[in-house]
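Examining the three-dimensional arrangement
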Amino acid sequence: MWSIDLPGFGSAPKPASAPDVGEMANALGRVLEGVGGPPFVMIGHSMGAQWVTELARLRPDLVRALVLIGPVVDREHRSVLAQFRALVVDALRETPSVNGLVLMAYLRCGPRYFLRQARYMVRYRLEERIAEVRVPALVVRGGRDVVAGARWSRLLRDRANRSRLVTFARHRYAVQHTAPREVAAAIRELA
């Protein structure tokens, strides 16, 4: 299992310009080529769900299956402001440890870089792109997730190829942190 920080996120340096979803997917593809051993089960949370979907669309040779956790951007929240509001509402109900992780990630990324990325995030039509992907997909969400709503997640499931939707009832947007064993079990079943 590999966890990859893409340009500007985590420990990876910020590039001079903000790469769009396709450029992020291509960067991810280059990293995976260097790792060797494809195809991979690609897991993406939030914006990462867009990047792994685009990778599967552009480079199906590298992807065996997709896992989209809390995928964005819900059609009911398709603006930067609406996304921000949904994230704030979610943060009010997340655990302190999850909020700490999220806050640190945003601080490392920086508001200017994140806002540049957010422009690409709201323009990307995941519901259209997922229909072009030919690998199986698993959509994962917390039952109390206000960022990736139930209708949105069902729409993605219905448009994806050989897909399933798994909802963890008492969890929120960062379900992979609050229900790690359950999410891992669903991913192992897909893999």
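Residues numbered from 1 in each chain as written. Predicted model: local features only at pLDDT ≥ 70, side-chain atom pairs only at ≥ 80, totals over all residues. Heavy atoms only, no water.

In the annotation of an unreviewed UniProt entry, the entry for the protein reads Alpha/beta hydrolase, and the organism field reads Leucobacter alluvii.

Per the UniProt entry, the sites bearing "domain: AB hydrolase-1" (unreviewed entry) are residues 2-84 in this numbering. Secondary structure content for residues 2-84 is 39% helix and 16% strand, while the C-alpha to C-alpha distance between its ends is 29 Å. (UniProt positions renumbered as here; feature names shortened; annotations may be inferred. Helix = DSSP H or I, 4+ residues; strand = E, 2+ residues; numbered from the N terminus.)

Applying the stated criterion to the full structure yields 9 salt bridges. Two residues, Glu54 and Arg129, come together in a salt bridge whose shortest N-O distance is 3.9 Å. Remark: Arg129 occurs in helix H6 (residues 126-129) and Glu54 occurs in helix H2 (residues 47-58); sequence separation between them is 75 residues. Where Arg151 meets Glu76, a salt bridge forms, and the shortest distance between an N and an O atom there is 2.1 Å. (Salt bridge = Lys/Arg side-chain N within 4 Å of Asp/Glu carboxyl O.)

Moving on, we get to the environment of Ala86. Its location among the elements puts Ala86 in helix H3 (residues 80-91). Using a relative accessible area of 6% as the deciding quantity, one classes Ala86 as buried. Residues Ala86 and Tyr173 lie 87 residues apart in sequence; the distance between their C-alpha atoms is 9.9 Å. For Ala86, the residues in contact, after removing those within four places along its chain, are His77, Val146 and Val147. (Buried < 20%, exposed > 50% of the residue type's maximum accessible area, 1.4 Å probe, protein only. Contact = heavy atoms within 4.5 Å.)

This part is about the side chain of Glu94. If you trace the backbone, Glu94 turns up in the loop between H3 and helix H4 (96-109). Despite its burial, Glu94 pairs with no opposite charge, the nearest such side chain being Arg172 at 5.7 Å. Side-chain polar atoms of Glu94 contact the backbone nitrogen of Tyr173, separated by 3.2 Å. Leave out the neighbours within four places in its chain, and Glu94 touches Asn99, Arg172, Tyr173, Ala174 and Thr178. (Lys, Arg positive; Asp, Glu negative; His and termini not counted. Polar contact = N/O pair within 3.5 Å; in protein donor to acceptor, adjacent residues only side chain to side chain.)

With that out of the way, let us pick up H3. For H3, built from 12 residues, the straight-helix expectation of 16 Å at 1.5 Å per residue is met to within 8% by its first-to-last C-alpha distance of 16 Å. For H3, the set of buried residues is Ala82, Gln83, Ala86 and Asp90. Each buried residue of H3 lies within a common arc of 100° when the element is viewed along its axis, so the set occupies one face. Looking at H3, the residues exposed on the side facing more than 90 degrees away from the buried face are Leu81 and Phe84. Tucked into the core, H3 has its buried residues touching helix H5 (111-123). (Expected span 1.5 Å × (residues − 1). Arc of directions from axis to C-beta.)

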